[in-house]
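Report on the structure
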Amino acid sequence: MIDAIINYQFMQNAVVGAVLASILTGIIGAIIVEKKWIMLSSGIAHSSFGGIGLGYMLNFEPIYGAFLFSILASLLIPTIDRRTETGSENLTAMLWSLGMALGILFIAFTPGYPPDMTSYLFGNILTISMKNIIIMLIVTIIVTTTLLSFYNHWKAYLFDNEFAFIIGIKTILMDYILYFLIAISVVALIKLVGIILIIALMTIPPSIARFYVKSFSRLIIDSIFLGLIFSLLGLTISYYYNIPSGATIIIVSIVAYIISMFIKKAI
Amino acid sequence: MNIIEIKDISVNYGNVKALDRVSISIKKGTFIGVIGPNGGGKTTLIKVLLGLIKPTTGEFHIHSDKPIGYVPQFNNFEKKFPITVCKVILMGSMSDKKNIFHKYTKEDKEKSLKVMTLMGIEDLSERLISQLSGGQMQKVLIARALMTDPDILILDEPTASIDSQSRTDIYNLFNDLKGKKTIILISHDIGSISSYIDSIACLNVQLYFHENGNLTEETISKAYGCPVDIIAHGVPHRVLPEHLKGGHNHD
């Protein structure tokens, strides 16, 4: 496989993609696990399917459509939530399904043969392009800078939102920023693991790290490293056995979770 | 000098009135206890003061430029967050410096040590909050509130379901702070707070305020609007009010 990495552009892309994906999922994953926004993030990811459909129908890059839809969903959920009694869970479920439904309709309206949607739903790390890498790099820089420049604010916000508000931290603004970061992160990861599998990649590493870490910074750093190990291991297995990479990475992660659960029990 | 002035504040949740024309002025340095039944609006009133809820009508003024020191109910607290005691307490010092790339200074750390010593929790410093007992967690939350150097301290049921030693520790601390800070204490524990406080307010949608601190049968009956059993706190009789405010007959 080392040969393949040296000789083939697609393998180099895959490895770089795995590194960037681990940073993104480590940071956003740790945050959404602590904030308990897991289903919400999954909803935002799924809603982006509508944008992919729109891209095919109107013949522009589907990923840009995905950004449009996920950002719209991430702004709509908190905005409607503040004005109604519906609750963000219910709103998430609606936008989740609405995005998927629109995607299916748009694709049905697309002239010619229907495009193959598997790569968007399940991803394939072996087929990511340079363009995907650049998108991921930009998103990773935005997410990392936002986190690091206000790290203590984020920690206070996640630990005790009410207290953070009282001491003067703008928690409502941070809500919106976080929604936005989730929206751009899930779309940046679509080509790698797909809409359906993103949430597993985001939640499994922090779930394992939570077994033993004593600080939020370690939660993030360890989630990044665990994510990297799982992605590279999954990539290797899928390369040698010629099986779908996204699914392999998720199964590797779940197996690791089960093993660490038993280790935690044994200690 | 009044540090808090509340004028005719009402809060409605849909059709439900949580607070009805509540007015109260609190003098600087007083220790005031707020009692009242569940659903009487105690937490709502606090949230209004903290700016977490906008009142439907009415207004209030807080004459202090520092944030209120708020101690939430510890049993509502998410204890799974991976953070140690000293980091939680340090968070309190963020109130005055919220700049980009914020870092805790040496002074912040020294101050947090001082506060921990005051609360008698310095040996818990490196402990994860998930490993704390209820009483310990409560002390950590009080310590965090003290880090902001507040003029006003608001505590929501600080002694609910904690052991008697921790309770005594916390009440002793209040005695130390008395006069230096304005303290608002919400409690169900009517009997044990009455010896510490300067005055008491009973809140059941409407507010009944007694400046002298004496708990009269009438006060409690008005606020609760139903029989209140305070035998457990050493009062040798059961308060059976006359349902002055159109309460229901429970017999």
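In this text, all values refer to a predicted model and were calculated from it rather than measured experimentally.

On to the overall build of chain B. Summing up its helical and strand segments, chain B has seven helices and nine strands in all. In chain B, once contacts between residues fewer than 6 apart in sequence are set aside, the share between residues at least 24 apart is 66%. By element, 49% of the accessible surface of chain B is carried by carbon and sulfur atoms, the whole surface being about 11,800 Å².

This part takes up the sheet that holds strand β1 (residues 2–13) of chain B. All names here are of chain B. Pairing is antiparallel across the open sheet formed by three strands, whose spatial order is β2-β1-β4. Every other strand in the sheet has two partners, leaving β2 (16–27) and β4 (57–62) as the edge strands with one partner each. Between one strand and the next, the sheet's axes are offset by a mean angle of 15°, whatever the strand orientation. Summarising the sheet, β1 and β2 pair through eight bridges and their orientation is antiparallel. Each residue of the ladder has a partner; that of valine 11, found in β2, is leucine 19.

We now examine the packing of aromatic side chains. All chains considered together, the criterion is met by twelve aromatic pairs over all chains. Relative to tyrosine 157 of chain A, the ring of tryptophan 154 of chain A lies with its centre 5.5 Å away and its plane at 90°, an arrangement referred to as edge-to-face. Here tryptophan 154 of chain A and its partner tyrosine 157 of chain A are both found in helix α9 (residues 151–159), three residues apart, which amounts to about one turn of the helix. In textbook terms, an aromatic cluster arises when at least three aromatic residues are bridged by ring pairs, as seen for Tyr151, Phe159 and Phe216 of chain A together with Phe81 of chain B. Seen from the ring of phenylalanine 163 of chain A, arginine 144 of chain B lies directly overhead, with NZ or CZ sitting 3.6 Å from the centre.

All chains considered together, the criterion is met by twelve salt bridges over all chains. Note that lysine 139 of chain B and aspartate 169 of chain B form a salt bridge whose closest N and O atoms lie 2.9 Å from each other. Pair noted here: lysine 139 of chain B is in helix α4 (residues 134–147) and aspartate 169 of chain B is in helix α5 (residues 164–177), with a separation of 30 residues, a long-range link. You can call aspartate 169 of chain B partly exposed: its relative accessible area is 29%. For aspartate 198 of chain B, the salt bridge identified is with lysine 178 of chain B, shortest N-O distance 3.7 Å. Of this pair, aspartate 198 of chain B sits in the loop between α6 (190–193) and β8 (199–204) while lysine 178 of chain B sits in the loop between α5 and β7 (182–186), and the two are 20 residues apart along the sequence. What makes aspartate 198 of chain B partly exposed here is its relative accessible area of 28%. Residues participating in the shared-partner salt-bridge network are Lys35, Arg82 and Asp175 of chain A.

What follows concerns the environment of isoleucine 135 of chain A. All names here are of chain A. Note that isoleucine 135 resides in helix α8 (residues 130–149). A relative accessible area of 14% places isoleucine 135 in the buried class. The spacing of isoleucine 135 and isoleucine 77 is 58 residues in sequence and 25 Å in space, taken between C-alpha atoms. Excluding anything up to four places from it in sequence, isoleucine 135 contacts Ile63, Tyr64, Phe67 and Ala188.

We now examine the interface of chain B and chain A. Many descriptions give the size of an interface as the accessible area lost when the pieces come together. Each partner contributes to the interface: chain B provides 33 residues, whereas chain A provides 25 residues. Summing both sides of the interface, chain B and chain A together bury roughly 2,600 Å²; the carbon and sulfur share of this comes to 69%. Between glutamate 162 of chain A and lysine 47 of chain B there is a salt bridge; the shortest N-O distance is 3.3 Å. At the junction of chain B with chain A, the criterion picks out six residue pairs in polar contact (both at pLDDT 80 or more). Broken down by secondary-structure element, the contributors of at least two residues to the side of chain B that touches chain A are α1 (42–50) and α2 (85–91) of chain B. With three residues, the top contributor of residues to the side of chain B that touches chain A is α2 of chain B. Here the side of chain B that touches chain A is composed, by residue class, of 18 nonpolar, seven polar and eight charged.

So, on to the packing of helix α4 (residues 49–58) of chain A against helix α5 (residues 62–83) of chain A. Residues and elements named next belong to chain A. Their axes nearest at 6 Å, the elements α4 and α5 cross at an angle of 140°. Relative to α5, the element α4 is oriented oblique. Classified by chirality, the crossing of α5 by α4 is right-handed. Touching Gly50, Gly51, Ile52, Leu54, Gly55 and Tyr56 of α4 are Pro62, Gly65, Ala66 and Phe69, all from α5. The class makeup of the residues in the contact of α4 with α5 is six nonpolar, four polar and no charged.

Any segment with low pLDDT has predicted coordinates that should not be analysed in fine detail. Per-residue pLDDT for chain A has a mean of 94; in total, 100% of the residues score no lower than 70. Per-residue pLDDT, averaged within each element of chain A, yields its smallest value for helix α1 (residues 2–7) of chain A (86) and its largest for α8 of chain A (97).

Conventions we followed
Residues numbered from 1 in each chain as written. Chains lettered and ligands numbered in written order. Predicted model: local features only at pLDDT ≥ 70, side-chain atom pairs only at ≥ 80, totals over all residues. Heavy atoms only, no water. Helix = DSSP H or I, 4+ residues; strand = E, 2+ residues; numbered from the N terminus. Contact = heavy atoms within 4.5 Å. Areas by Shrake-Rupley, 256 points an atom, 1.4 Å probe, with all protein chains shown as cover. Pairing = 2+ DSSP bridges. Axes fitted to C-alpha atoms, helices over the stretch in contact; angles between N-to-C directions. Phe/Tyr/Trp six-rings, centres within 6.5 Å; stacked < 30°, edge-to-face > 60°. Lys NZ or Arg CZ within 6 Å of the ring centre and 35° of its normal. Salt bridge = Lys/Arg side-chain N within 4 Å of Asp/Glu carboxyl O. Buried < 20%, exposed > 50% of the residue type's maximum accessible area, 1.4 Å probe, protein only. Buried area = accessible area lost by both parts, 1.4 Å probe. Polar contact = N/O pair within 3.5 Å; in protein donor to acceptor, adjacent residues only side chain to side chain. Nonpolar A, V, L, I, M, F, W, Y, C, P; charged D, E, K, R; others polar. Parallel < 35°, antiparallel > 145°, perpendicular 65-115°, else oblique. Left-handed = near helix turned anticlockwise from the far one by under 90°. pLDDT = per-residue confidence, 0-100.

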